[in-house]
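# Results of the structural survey
Read off the chains here:
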Protein chains: 4
Amino acid sequence: MGCAAGSAGRRVPRPRADALRNRERIVTAAREVYVEYGAEAPLDEIARRAGIGNATLYRHFPDRHALVDAVVRSVMVRAAEQAERIADEEPDPFAALCRFAHLAADERIGALCAMLSCGFDRNRPDLDAERRRLEGAVEGLTERARRAGRLRPDVEAGDLMLVLSQLSRPLPDSGSLDMGRFAHRHLQLFLDGLEAPARSELPGSAVTLEDLRRAAP
Amino acid sequence: MGCAAGSAGRRVPRPRADALRNRERIVTAAREVYVEYGAEAPLDEIARRAGIGNATLYRHFPDRHALVDAVVRSVMVRAAEQAERIADEEPDPFAALCRFAHLAADERIGALCAMLSCGFDRNRPDLDAERRRLEGAVEGLTERARRAGRLRPDVEAGDLMLVLSQLSRPLPDSGSLDMGRFAHRHLQLFLDGLEAPARSELPGSAVTLEDLRRAAP
Amino acid sequence: MGCAAGSAGRRVPRPRADALRNRERIVTAAREVYVEYGAEAPLDEIARRAGIGNATLYRHFPDRHALVDAVVRSVMVRAAEQAERIADEEPDPFAALCRFAHLAADERIGALCAMLSCGFDRNRPDLDAERRRLEGAVEGLTERARRAGRLRPDVEAGDLMLVLSQLSRPLPDSGSLDMGRFAHRHLQLFLDGLEAPARSELPGSAVTLEDLRRAAP
Amino acid sequence: MGCAAGSAGRRVPRPRADALRNRERIVTAAREVYVEYGAEAPLDEIARRAGIGNATLYRHFPDRHALVDAVVRSVMVRAAEQAERIADEEPDPFAALCRFAHLAADERIGALCAMLSCGFDRNRPDLDAERRRLEGAVEGLTERARRAGRLRPDVEAGDLMLVLSQLSRPLPDSGSLDMGRFAHRHLQLFLDGLEAPARSELPGSAVTLEDLRRAAP
DNA sequence: TATGAATGAGATTTCATTCAT
DNA sequence: CATGAATGAAATCTCATTCAT
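The shown structure was predicted, so the numbers you read here are calculated from the model rather than taken from an experiment.

## Re the protein's contact with DNA strand E
Around DNA strand E, the surrounding shell holds 34 residues, and the nearest of these are Arg-64 of chain A, Ala-55 and Thr-56 of chain B together with Asn-22 and Ala-55 of chain D. Sugar plus phosphate: this is where 55% of the atoms of DNA strand E within 4 Å of the protein reside. Within the contact set of DNA strand E, a phosphate oxygen lies 2.8 Å away from a backbone nitrogen or oxygen of Leu-43 of chain A. At 3.3 Å from a phosphate oxygen of DNA strand E is found a side-chain nitrogen or oxygen belonging to Arg-64 of chain C. Mapped onto the surface near DNA strand E, the elements with two or more residues apiece are helix H2 (43-50) and helix H3 (54-60) of chain A, helix H3 (54-60) of chain B, helix H3 (54-60) of chain C together with helix H1 (17-37) and helix H3 (54-60) of chain D.

## Here's the deal with the pattern of salt bridges
Two side chains with opposite charge may pair up if their charged atoms get near one another. Residue and element names in this part refer to chain A. Under the definition given, this model contains 75 salt bridges over all chains. When the shortest N-O distance is used, the salt bridge between Arg-133 and Glu-84 registers 2.9 Å. In this pair, Arg-133 sits in helix H7 (residues 128-147) while Glu-84 sits in helix H4 (residues 64-89), placing the two residues 49 residues apart along the sequence. Its relative accessible area of 34% is what places Arg-133 among the partly exposed residues.

## Remarks on the protein's contact with DNA strand F
Neighbouring residues of DNA strand F: 36 residues in total, closest Arg-16, Asn-22 and Ala-55 of chain A together with Ala-55 and Thr-56 of chain C. Each atom of DNA strand F within 4 Å of the protein was assigned to sugar, phosphate or base; sugar and phosphate come to 54%. Residue Gly-53 of chain A places a main-chain N or O atom 2.9 Å away from a phosphate oxygen belonging to DNA strand F. Sorting the residues of the surface near DNA strand F by element identifies helix H1 (17-37) and H3 of chain A, H3 of chain B, helix H1 (17-37) and H3 of chain C together with helix H2 (43-50) and H3 of chain D as the ones contributing at least two each. In terms of residue count, the dominant contributor to the surface near DNA strand F is H3 of chain A (5 residues). Partitioning the surface near DNA strand F into residue classes produces 16 nonpolar, 11 polar and 9 charged.

## A look at the environment of Glu-90 of chain B
Residues and elements named next belong to chain B. Tracing the chain through its elements places Glu-90 in the loop between helix H4 (64-89) and helix H5 (93-106). Residues in contact with Glu-90, not counting those within four places in the same chain, are Ala-95, Ala-96, Arg-99 and Arg-144. Only 3.2 Å separates the side chain of Glu-90 from the backbone nitrogen of Asp-92, close enough to count as a polar contact.

## Focus on the packing of H1 of chain A against H4 of chain A
Residue and element names in this part refer to chain A. The N-to-C vectors of H1 and H4 enclose an angle of 85°; their axes lie 10 Å apart at closest approach. Classified by the interaxial angle, the pair formed by H1 and H4 is roughly perpendicular. From H1, Arg-23, Ile-26, Val-27, Ala-30, Arg-31 and Tyr-34 reach across to H4, where they touch Arg-64, Leu-67, Val-68, Ala-70, Val-71, Ser-74, Val-75 and Arg-78. Among the residues making up the contact of H1 with H4, the classes are represented as 9 nonpolar, 1 polar and 4 charged.

## Looking at the side chain of Ser-74 of chain D
Within the secondary structure, Ser-74 of chain D sits in helix H4 (residues 64-89). For Ser-74 of chain D, the contacting residues outside a window of four places in its chain are Val-27 and Arg-31 of chain D.

## So, the packing of H5 of chain B against helix H8 (residues 157-167) of chain B
All names here are of chain B. The geometry of H5 relative to H8 is characterised by a closest axis approach of 10 Å and an angle of 35° between their N-to-C directions. The handedness of the crossing between H5 and H8 comes out as right-handed. Contacts between H5 and H8 pair Leu-97, Phe-100, Ala-101, Ala-104 and Ala-105 from the former with Leu-160, Met-161 and Leu-164 from the latter. The residue inventory of the contact of H5 with H8, partitioned by class, reads 8 nonpolar, no polar and no charged.

## Looking at the side chain of Glu-90 of chain A
Classification of Glu-90 of chain A as buried rests on a relative accessible area of 14%. A polar atom in the side chain of Glu-90 of chain A sits 3.1 Å from the side chain of Arg-99 of chain A.

## Re the environment of Ala-41 of chain B
Residues and elements named next belong to chain B. As for its position among the elements, Ala-41 is in the loop between helix H1 (17-37) and helix H2 (43-50). Residue Ala-41 is classed as buried on the basis of its relative accessible area of 1%. Expressed as a C-alpha distance, the spacing of Ala-41 and Ala-30, which sit 11 residues apart in the sequence, is 8.8 Å. Apart from the residues lying within four places of it in its own chain, the contact partners of Ala-41 are Val-33, Tyr-34 and Arg-64.

## Side note on the confidence of the model for chain A
All names here are of chain A. When pLDDT is averaged along chain A, the result is 80, and 75% of the positions lie at 70 or above. Across chain A, element-level confidence peaks in helix H5 (residues 93-106) with a mean pLDDT of 95 and bottoms out in helix H10 (residues 209-213) with 48. In the model, residues 1-10 has pLDDT below 50 throughout and makes 0 contacts with residues more than four positions away in sequence or in other chains. Predicted confidence is poor over residues 212-217, with pLDDT under 50, and the contacts of this stretch with residues over four places away or in other chains come to 27 contacts.

## Brief notes about H2 of chain B
All names here are of chain B. The complete set of buried residues in H2 reads Leu-43, Glu-45, Ile-46, Ala-47 and Ala-50. Among the structural elements, H1, H3 and H4 are those in contact with the buried residues of H2. Positioned one or two residues after H2, Gly-51 has a phi angle of 75°, which is positive.

About the criteria used
- Residues numbered from 1 in each chain as written.
- Chains lettered and ligands numbered in written order.
- Predicted model: local features only at pLDDT ≥ 70, side-chain atom pairs only at ≥ 80, totals over all residues.
- Heavy atoms only, no water.
- Near = heavy atom within 4 Å.
- Polar contact = N/O pair within 3.5 Å; in protein donor to acceptor, adjacent residues only side chain to side chain.
- Helix = DSSP H or I, 4+ residues; strand = E, 2+ residues; numbered from the N terminus.
- Salt bridge = Lys/Arg side-chain N within 4 Å of Asp/Glu carboxyl O.
- Buried < 20%, exposed > 50% of the residue type's maximum accessible area, 1.4 Å probe, protein only.
- Nonpolar A, V, L, I, M, F, W, Y, C, P; charged D, E, K, R; others polar.
- Contact = heavy atoms within 4.5 Å.
- Axes fitted to C-alpha atoms, helices over the stretch in contact; angles between N-to-C directions.
- Parallel < 35°, antiparallel > 145°, perpendicular 65-115°, else oblique.
- Left-handed = near helix turned anticlockwise from the far one by under 90°.
- pLDDT = per-residue confidence, 0-100.

In structure tokens:
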């Protein structure tokens, strides 16, 4: 069957190759720039870094929100892919959780949490699929660890995701400071605590992914 | 005769009472606004909130940096005071650490960590006194807990301060989300881990306050 | 001899059917959009409304001016056709004038007067034929009424055309206001005055179509 | 009694002289530019013409709407003043109406009708006073003429205002065309018709000022 | 001294027009 | 020939900082 004229006469013209490439370059540049400058980064800087005119950026993403959406989506997908891969490869349930956490930190998930938090907005049903995929993968990892008795029972996947994001967030203007070094250290410290038996009753209730989902602006 | 007009023509005018009050109001307003808007808050908004003209703000603080300095100094002092008070009042070394951490989170120390990180800038010797006072107080608390065997020995005061700041940072635009709830929960989770025996070797070396001091932009 | 494939290699390709249809759709869409948005309407909106790509629009009309020309030409032709038809059908000379005026108002001739005024530009000899046809038709109507003593003798066809355009121009952003209602009312009021005997000497001299012709930018 | 500390301790600092002067210059420049360019005139052009920086314009008028409001208010006041003065000076009721109409045309009331139509917006209660003043003055003139039997009884003040605005509107881009000449001519033609006895029943009902008031975007 | 006002530099966004598929 | 994409120039608006009262 031909890939093109499948269904009725509708015109769904396949996106042009160069446009796709540009779109990709914009999202990549945006992720870098967001990590570097924060979410307030000037769009012109993103366009410059992507090597395109600023108006081209607006053709692909009608406003700054749409670009953030795209970056969030891409980050979610990458994180989900890693979670799924690790679930397949790593036999030890807690080690799997740890590997995922450190990899996600390397993915700059914390630097992008400004945007990620938007991604959990219930008003963005267009991110639903990606969100559910990521949630499912992370919940799979935590559930497995919990069943194996390797995770404090009062801790949820949402707790992990939020702490992970916060601990790996760059300090604003922390030019020369290598946050990565701190992030991995503190993440491991935190993970160690997750495996140890509970010592105190935690204040508040567990943070579920549903909580994060309700959190958006 | 006022205390000012000591020698002949020299002018060492004691700051007027209203000027002092204005200065105070500006710093208070700035702290609120920074917590609310982030460090990019428009200076006019701060002036408005303080109930003064914008030019008055510039008379007291020649540029945006000077104002941040003042806010940082005030936050440092408040945190140091609490640390010192708790050290006096709380007999249990680990409980003292915990109480300090939660109180500091309530002080929005995380919301202000953008500015705090500036405060550790080596180029601001005018913050030296306050910084040393805060460092001393927190190191006192951690040292006491460590000696009592209630703190993982591979953890430093700087680790605590940094994690504390990160975990209590508000999510950007987290409108309806009550970060306080999460902050205290995750802080406690982290503190529980600090008390438990080490389960893994932490990556990187301990974060000392000296490290943070070197981190500034 | 066929008109097309006359000599050897010359290319005088008869316009393709679809190209003609596209051209027609563009002009129709442009007229609608101009009435709706004014002459500043984005060309992309016109292309969208016509259901074609924007570059196609440029193929047919090299610049915004050319498109306006085409719309003006089409409006002129429609108005001329009506004037000619009414001249044939309506025995009463003044009633003919009135019917033409009200019909032209319904044609949105006022909404398009921005462009019509361009149409009288002497620099557009390509509109000459259409302009002369419209002028001829309207002058025929006024001349007949004047000869029958039903029209103030100091009034010219150009006066009528200009007043007609002005009175039926939509107010900018007059969202809910039904200009049609006002236009027809005030047009009739004006026409009543045209039939009545002169009460005062009019300032200025009569507006001839030649005047309008010289008016363009 | 001092002019300042009249009532309680409220601070209503008298606007500075230079600011007032600037405000005045902006409004004047805006009126000119609107007449010339239409309501879409670039704000930078207005600022340039007023001889101030563009940001100063924004200090006085937070957005383009606020500036239009100010221009509308000023035009309304000038027109009302003229109507009142003429009512006092001109003994002949119909001549008074005519003088007002021609003067208002000279005031470029038609060129500004884009903005005037906004001025009749019911959502701008801040224009209420000026609007009522103008309405009152014009209704006074028409009522007097009607009572004297010098005005078609089926015509209202609103009809006059609207026709007056439309007939004196400049053609878009009518660079070299002297609209003033046409405006006065056609206005007089229309006014002649208003004094003559009715020849036909007008379509629609009279346009009251209330109608215009309801017309806004 | 305190203040409202002024300002230029920069950010976001739109649009007519050109380019490449 | 038709089209989506690209683009620079311009318009609106914001804000840190300086100026004048």
